[in-house]
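Structural overview for review
What follows is each chain in one-letter form.
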Amino acid sequence: QVQLEESGGGLVQAGGSLRLSCTSSDRTFGSYLMGWFRQAPGKEREFVAGISVGGSTIYYADSVKGRFTISRDNIQNTMWLQMTSLKPADSAVYYCNTLPYYGAESPGRNAFWGQGTQVTVSS
């Protein structure tokens, strides 16, 4: 398991933008498929975006397509989620985690989740 830390969340107005970061001190970061997830109060955690180990293949949840962009730099051991045209419905705690295979929308059962970073979008 790679240790990950999310950052970059905050309070933004609807229509605004925010860039989240997921950073690891683990040199094996570049060996993992990675993904972004989010969880709103009272709701289940949901998949947002996934990215291949090299960053060349990407997939998104339908709810964020065209608005969010996932990227990574394995030299910096960092993954980002650039969020634009934010909506109040995007308000959630955002998490990063590994993915077991391309196309997966969960890191798997009993995965460890960090504290995440809070994103709040006001009307």
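Placed above this text is the structure.
In this report, we go over the structure that sits alongside the text. (Residues numbered from 1 in each chain as written. Predicted model: local features only at pLDDT ≥ 70, side-chain atom pairs only at ≥ 80, totals over all residues. Heavy atoms only, no water.)

**Side note on the sheet that holds strand 8 (residues 78-83)**
Spelled out, the test is: Following DSSP output, two strands are said to pair if at least two bridges run between them. Each helix is a run of H or I in the DSSP string that is no shorter than four residues. Each strand is a run of E no shorter than two, and both are numbered from the N terminus. Axis angles are defined between N-to-C directions and span 0 to 180 degrees, where every axis is a line fitted to C-alpha atoms and, for a helix, only to the segment in contact.
Here we have 4 strands laid out as an open sheet, ordered 1-3-8-7, and antiparallel in their pairing. What marks the edges here is a single partner per strand, and that holds for strand 1 (5-7) and strand 7 (68-73). Adjacent strand axes in the sheet meet at a mean angle of 15°, parallel and antiparallel pairs treated alike. Sheet topology note: the strand 7/strand 8 ladder contains 6 bridges and is antiparallel. Within strand 8, the residue paired with aspartate 73 across the bridge is threonine 78.

**Description of the side chain of threonine 117**
Heads up, the rule is: Whether a residue is buried, partly exposed or exposed follows from its accessible area with a 1.4 Å probe, protein chains only, as a fraction of its type maximum: under 20%, in between, or over 50%, in that order. By the criterion applied in these results, polar contacts are pairs of N or O atoms within 3.5 Å in which, for protein atoms, one can donate a hydrogen and the other can accept it, and in which residues neighboring in sequence qualify only through two side-chain atoms. Residues are treated as being in contact if the distance between any of their heavy atoms lies within 4.5 Å.
Here threonine 117 shows up in strand 10 (residues 117-122). A residue is classified by how much of its surface remains accessible, and threonine 117, at 10% relative accessible area, is buried. In terms of polar contacts, threonine 117 uses its side chain to reach the backbone amide nitrogen of glycine 9, at 2.9 Å. The residues touching threonine 117, leaving out its near neighbours within four places in the chain, are Glu6, Ser7, Gly8, Gly9, Leu20, Ala92, Val93 and Tyr94.

**Here we look at the nonpolar core**
What counts is decided by this rule: Think of a nonpolar core as a cluster: buried Ala, Val, Leu, Ile, Met, Phe, Trp, Tyr and Cys residues, connected wherever their side-chain atoms sit within 4.5 Å.
Counting residues in each nonpolar core, the largest one holds 30 residues, and the members touching the most others are Trp36, Met79, Leu81, Met83 and Tyr94. Listed by contribution, the elements that provide at least two residues to this core are strand 3 (18-23), strand 4 (33-39), strand 5 (46-51), strand 7, strand 8, strand 9 (92-99) and strand 10. Apart from the residues within four sequence positions on either side, methionine 79 is in contact with Leu20, Ser21, Cys22, Phe29, Met34, Gly35, Trp36, Ile51, Ile70, Ser71, Arg72 and Cys96.

**Observations concerning the side chain of serine 52**
Mapped onto the fold, serine 52 is located in the loop between strand 5 and strand 6 (58-60). When residues no more than four places from it in sequence are discounted, the contact partners of serine 52 are Leu33, Thr57 and Arg72.

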